[in-house]
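# Chain and residue survey
As a plain string of letters, each chain reads:
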Amino acid sequence: MWIGLVAVLVVLVLVPLISVQAKALLDGGQAYRDMLDSPWLGATMFNTVLLGVGSVLVALVCGTFLAGCAWQLPKRLAWLSVLPIVPLSVPGLALVTSWSFLLSPQTGYINQFLRKAPWWDHLASGPIDVYSRFWIIFITGTLLIPFVYLFILTALRGIDGALIEAAEANGARSVRVWAKVILPLLRPSLVYSSSIVLLLGLGQFTAPLLLGRDQNVTVLTTEMYQAAQSYPVDYGLAAAYGSPLVLIGALLIYVQRRALKHSSRYETLSSRGHRSSSKTRSWPAIPILVYIVVALILPLFGLLNVALADYYSGAVITADTATLANFSTVFNDPDLGRAVGNSVGYSLVAVLIVVPLGFMIAVALSGSSRIPPRLRTTVDLLTSVPLVMPGVLFGAGILFTYSSGPIVLYGTGAALILAYITIMIPHVAKMQSSAMLSAGSSLQDSARVHGASALRTHARITVPLLRPAIAASVALCLSILTHEFGASVMVRSTSTEVMGTLLLRYWSQGAYPSVAVVALTMCAITGALVALSYAFTGSRRHEKKKPKSSVTNAILKG
Amino acid sequence: MNLANQEGEVTWYTGMDEPSMKKLESAFEEQYPEINATFVRMNSSELGPRVDTERGTGSPGADVIHTSTHGYLDQVLADGQLAEIQSPAFEELSETVFQDHPGLAVDRWYAPFSSGSFTVVWNTDKVSEPIESYADLIDRADEFRGQIAVPDMYGDVVAGYYLAIQRALDGPDSSDPSESESLAALADMNPRLFESVVPLTNAVAAGEVKAGIYSVSTVYEALKEKGAPIDGINATDLDAKSGVNANVAIASWATNPNAAQVLVDFLFSEEGQAVTATTGYSTVRTDVDNPNGDIEAMAVPLPELDDPAFLKDYRANWTKLFRG
């Protein structure tokens, strides 16, 4: 059975990546030569690295600061600590779109507001240029803040308050406590989260694609997209541009595994020994609220404003000028219905497959399984790979693998479902694996001692115990997949258009009010699906049987 | 016709703007209620890769293709993957107007049924004096520096557009962007690059830039009707005339080959041409009343652009000039 699991993971994870390499190496590596001959390669590599490093810095500084704020909140304000992860439920595509409405140099709402300041009132445009490299990096960084926040907040909650109390008792002030005690304790989490976020930053696609054209800010992923989606098509070149990302991803897995071998990672991330900050304060609520205004409220305002406008002009909509015509146009477009149906349908099918698959992986990785150690390591490695490879790369791999040969999936929903399953494997598996570790194996051991088969033990004990984690993984899958874009854009066809790719189509047609309507629709559908998934799979009745679990906790434990 | 009705559907990939495409879609469905038409708007740069993947995988998609990228259709034709057009309306035109305009129709494989002319647009809130010509725009470089939208270099249509400008302004022998004074002047204005006509025109209407080249009347007029502060010059009054003849062809792997023939027949028929005439495009038929002109007003093909080597060099030199 375990060999079968490894085989499935190889097909899902390795085959697409091998296809990418095979494509790049065709004709004696001509694609690599073409890539190396490109006069823009240096700039593209530079932009990619800058985007990765820059966005990590933004995310790390802001995410850590926000986590520190949330950690110090008093009990009555503790609910605010959930807010910084809410932007994760808004499609990145919608957020980037909205930032372009808010910050475009001439007509961006924020720019118009800033130009009212006496020191900027002489400017005809700006002061912010959303199409510049700096702002593309900054916006990418803001998209990644919730990830760092999740990692750091959990690590903070794992810190023993006694250490901080001891430092304070010895006269250390807050800043010194942070510098000398808290940050050193956070080092493993900071390193781990920044390496993950660096990979996410290097593989970022949406912001450079939508905002980078104006000033030629190309990165590896946009070059891949252009090579595969522009006439004349050059799949080999697309594959070659993906290779540096494969290399960096593989390197990161290696470094992580070596680092984790000697670290006490689970002590830091465990929910056991949870303690609050020794002193609680109310002021940290302010930065959290400011962040939510900037990262969520303003973008939603931008989208709503454009959605209600006759045409995009930068004018703030009033009751007199608002129109629902764009909603009517988009909702009457049969393409939207098809895209919504496809997004929801493919996501649900992917969830139905990836959740049991994740469960099997979690069982394989748990100490209680009888999987040979080498196979366990292989499963662990293969499960980690999609986490460190951009979705667009898997999309390209699936396109190359299943566009010809014995199995042709292009043009069918199966290609997208396959991509979605692959992307979600690490998230779902790690969530369930962590929950399994927390639950321990005593109940399962007891069942086996009493003669229950492995299947019966899992069905009657493990699965019910993991129900909150399963609910969380379903919710996470739906929230990510219903607005998935990077992989979808590579493998979609006319009949398999999903919401993210439809939004891109409206964007490239310049139909900005329609773009805003689709983006808002995506937010609504994602929110509704996540809520429904909790309603169906994560009811309170079951939560009482286990310590609280949520998307947040599950991700953090992973 | 019976076979087409039995198929019951047809899919058309077209680069036409959305409102014009919708008009044609409604008219076709009204005339052929048994055939469910799916018209999909797609930029020419996007259409080729999509269709290529479909024909490579044999997956269902386009029955009829409408693209301004001639080179792409030539390539598909060379691969023997275009179906012959067997339409009475096309037959009639082949014996009349296409005979007088060699180069427009390529036998029975593909031909344009309409043509759009590119023009210059400006934001009326930001530009006090209308722009009269490309030369006028370049003369007013200081007014438009950093505030002008131009098309990015995608495919042979944009190359043809820039080539038409440089030949009109620098002389009929001008072929190299790196030696063109007019293009150098444009590039020196630090223009913003856009992927296609609609986003470019929207940016002008929104006031993101003061003016733009490479717009078409259908798009800016639609924005004007909504109250957007945008205006443009009649393309025929410009000093450089350039347009796009998007060709229509039938895929040999079409899932609905008969319905595809019916759609193509409709596009070349009097009825289809009459609808096209209301969209701001020139039409091939001379027996349809069209304020935008008939086949005589259509863009003259530039044979150089069929040469891949010329196109490659042109694109590379343009890119150096505009992207530095």
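Residues numbered from 1 in each chain as written. Chains lettered and ligands numbered in written order. Predicted model: local features only at pLDDT ≥ 70, side-chain atom pairs only at ≥ 80, totals over all residues. Heavy atoms only, no water.

## A look at the side chain of Ser479 of chain A
Residue and element names in this part refer to chain A. Using the following cut-off: Secondary structure is summarised from DSSP: a helix means a run of H or I of at least four residues, a strand means a run of E of at least two, and numbering begins at the N terminus for each. The rule is simple: take the accessible area with a 1.4 Å probe, protein chains only, and divide by the maximum for that residue type; under 20% is buried, over 50% is exposed, in between is partly exposed. Whether two residues are in contact is decided by their heavy atoms, any of which lying within 4.5 Å being enough.
Examined against the element boundaries, Ser479 turns out to sit in helix H19 (residues 454-481). With relative accessibility at 10%, the residue Ser479 sits in the buried group. Ser479 has contacts with Thr526 and Val530, leaving out every residue within four places of it along the chain.

## Some details on a nonpolar patch on the surface
Residues and elements named next belong to chain A. What counts is decided by this rule: Like-charged residues within 9 Å of one another, or nonpolar side chains (Val, Leu, Ile, Met, Phe, Trp, Tyr) within 5 Å, are grouped into patches, provided each residue has over 30% relative accessible area and no salt bridge. Where accessible areas are quoted, they stem from the Shrake-Rupley method and a 1.4 Å probe; at the residue level, only the protein chains shown are allowed to cover. Within this document, salt bridges are pairs made up of a side-chain nitrogen of Lys or Arg and a carboxyl oxygen of Asp or Glu, the two lying within 4 Å of each other.
A cluster of nonpolar side chains, Phe65, Trp283, Ile286, Val290, Val293, Val294 and Ile297, forms an exposed patch at the surface whose accessible area comes to about 660 Å². Among the elements that take part in the nonpolar patch, helix H12 (residues 285-307) stands out by supplying five residues, more than any other. Relative to the helices and strands, Ile286 resides in helix H12. When its relative accessible area of 56% is taken as the criterion, Ile286 is described as exposed.

## Focus: the interface of chain B and chain A
Interfaces are frequently sized by the accessible area removed from exposure as the parts join. The following threshold applies: In short, buried area is how much 1.4 Å probe accessible area vanishes from two parts on joining, totalled over both. Two N or O atoms count as a polar contact when they lie within 3.5 Å, although within protein this holds only if one can serve as hydrogen donor and the other as acceptor, and sequence-adjacent residues are included solely when both atoms are side-chain atoms.
Contacts between chain B and chain A engage 47 residues on the former and 39 residues on the latter. The contact between chain B and chain A buries some 3,500 Å² in all, and 47% of this surface belongs to carbon and sulfur atoms. Of all residues in chain B, Arg50, Glu208 and Arg323 of chain B give up the largest surface area on contact with chain A, accounting jointly for 16% of the area buried on that side. The interface formed by chain B and chain A includes six residue pairs in polar contact (both at pLDDT 80 or more). The element contributing the most residues to the side of chain B that touches chain A is helix H3 (residues 44-57) of chain B, with nine residues.

## Some details on the confidence of the model for chain A
All names here are of chain A. Selection criterion: Per residue, pLDDT measures the predictor's confidence, with a range of 0 to 100.
Here chain A shows a mean pLDDT of 81. Residues at 70 or above account for 89%. Ranking the elements of chain A by mean pLDDT puts helix H24 (residues 551-557) last with 39 and H12 first with 92. Residue range residues 264-275 is modelled with pLDDT below 50. Its contacts to residues more than four positions away, or to other chains, number 26 contacts. This stretch, residues 539-558, has a pLDDT under 50; its non-local contacts, to residues over four places away or in other chains, come to 35 contacts.

## Notes on the sheet that holds strand E6 (residues 119-123) of chain B
All names here are of chain B. Under the convention used in this document: Each pair of strands is called paired provided DSSP finds at least two bridges between the two strands. Every axis corresponds to a line fitted to the C-alpha atoms, with the helix fit spanning only the stretch in contact, and the corresponding angles, defined between N-to-C directions, vary from 0 to 180 degrees.
Pairing is mixed in the open sheet, where five strands are placed in the order E8-E7-E9-E6-E10. Whereas interior strands pair on both sides, the edge strands pair on one side only; in this sheet they are strand E8 (192-194) and strand E10 (230-232). On average, each strand axis in the sheet is inclined to that of its neighbour by 30°, with strand direction left out of account. Bridging between E6 and E10 involves three bridges; their strand directions are antiparallel. Note on E10: the bridge partner recorded for Asn123 is Ile230.

## Here's the deal with the nonpolar core
Going by this rule: Working definition of a nonpolar core: buried Ala, Val, Leu, Ile, Met, Phe, Trp, Tyr and Cys residues. They are joined through side-chain atoms within 4.5 Å.
Ranked by size, the top nonpolar core spans 179 residues in total, and within it Leu156, Ile182, Leu186 and Ile425 of chain A carry the most contacts. Listed in part, the 54 residues of the second largest apolar core include Phe118, Trp122, Leu137 and Val204 of chain B.

## Description of H19 of chain A
Quick note on the threshold: To estimate how far a helix should reach, multiply one less than its number of residues by 1.5 Å. Bend at a residue means the angle formed by two fitted axes: the first through the 7 residues ending at that position, the second through the 7 residues beginning there.
End to end, H19 of chain A covers just 32 Å across 28 residues, shorter than the expected 40 Å (1.5 Å per residue, more than 12% under). If you look at H19 of chain A, its biggest bend is around 60°, right at Arg467 of chain A, and the proline Pro468 of chain A turns up within four residues after that.

## Comments concerning the packing of aromatic side chains
Aromatic ring pairs are reported here in terms of the distance separating the ring centres and the angle at which the planes meet. All names here are of chain B. Heads up, the rule is: Paired rings are identified among Phe, Tyr and Trp, the last through its six-membered ring, by centres lying within 6.5 Å, and are further divided according to the angle between planes into stacked (under 30 degrees), edge-to-face (over 60) and tilted (the rest).
Applying the stated criterion across every chain, the model contains 30 aromatic pairs over all chains. Ring geometry for Phe118 and Tyr161: centres 5.3 Å apart, planes at 75°, overall edge-to-face. Of this pair, Phe118 sits in the loop between strand E5 (110-117) and E6 while Tyr161 sits in helix H9 (residues 155-170), and the two are 43 residues apart along the sequence. Overall, the relative accessible area of 2% leaves Phe118 in the buried class. On the basis of relative accessibility, which here comes to 0%, the residue Tyr161 falls in the buried class. Measuring from centroid to centroid gives 5.8 Å for Tyr161 and Tyr162, while their planes differ by 65°, and the two rings are edge-to-face. An aromatic cluster is defined as three or more aromatic residues linked by ring pairs; in this entry it consists of Trp12, Phe28, Tyr32, Phe39, Phe90, Phe98, Phe113, Phe266 and Phe268.

## Quick look at the layout of surface pockets
Cut-off, in case you're wondering: The method works on a 1 Å grid over the protein atoms by themselves. A cavity is a set of points holding a 1.4 Å probe that cannot get out, a pocket is an open set with protein on both sides within 12 Å along at least five of seven lines, and residues with an atom within 4 Å of a point line them. Grid points are joined across faces, edges and corners, and a volume is the space filled by probe spheres set on the points.
For the second largest pocket, the calculated volume is near 1,800 Å³. Trp40 and Leu237 of chain A together with Met153, Arg315 and Thr319 of chain B are the residues nearest the centre of the second largest pocket, which is lined by 47 residues in total. Mapped onto the lining of the second largest pocket, the elements with two or more residues apiece are helix H1 (2-37), helix H2 (41-71), helix H8 (206-211), helix H9 (220-229) and helix H10 (235-261) of chain A together with helix H15 (308-323) of chain B. Per element, the largest residue contribution to the lining of the second largest pocket is 10 residues, and it comes from H15 of chain B.

## Concerning the packing of helix H3 (residues 92-103) of chain A against helix H21 (residues 499-508) of chain A
Residues and elements named next belong to chain A. Here is the rule: Working rule for angles: under 35 degrees goes down as roughly parallel, over 145 as roughly antiparallel, 65 to 115 as roughly perpendicular, anything else as oblique. Handedness of a helix crossing follows the sense of rotation of the near helix relative to the far helix, less than a right angle counterclockwise being left-handed and clockwise being right-handed. As a working rule, the residues Ala, Val, Leu, Ile, Met, Phe, Trp, Tyr, Cys and Pro are called nonpolar, Asp, Glu, Lys and Arg charged, and the rest polar, with Gly in that last group.
In the contact formed by H3 and H21, the axes pass within 11 Å of each other and the chain directions differ by 20°. When the axes of H3 and H21 are compared, the pair comes out roughly parallel. Classified by chirality, the crossing of H21 by H3 is left-handed. For the pair H3 and H21, the contacting residues are Leu93, Thr97 and Ser100 in the first and Gly500, Leu503 and Trp507 in the second. Classifying every residue of the contact of H3 with H21 by side-chain character gives three nonpolar, three polar and no charged.

## What to know about the environment of Ser178 of chain B
Residues and elements named next belong to chain B. Along the chain, Ser178 falls in the loop between H9 and helix H10 (181-188). Note: C-alpha distance between Ser178 and Val275 (97 residues apart in sequence) is 42 Å. A polar contact of 2.8 Å, which involves the side chain of Ser178, links it to the side chain of Asp176.

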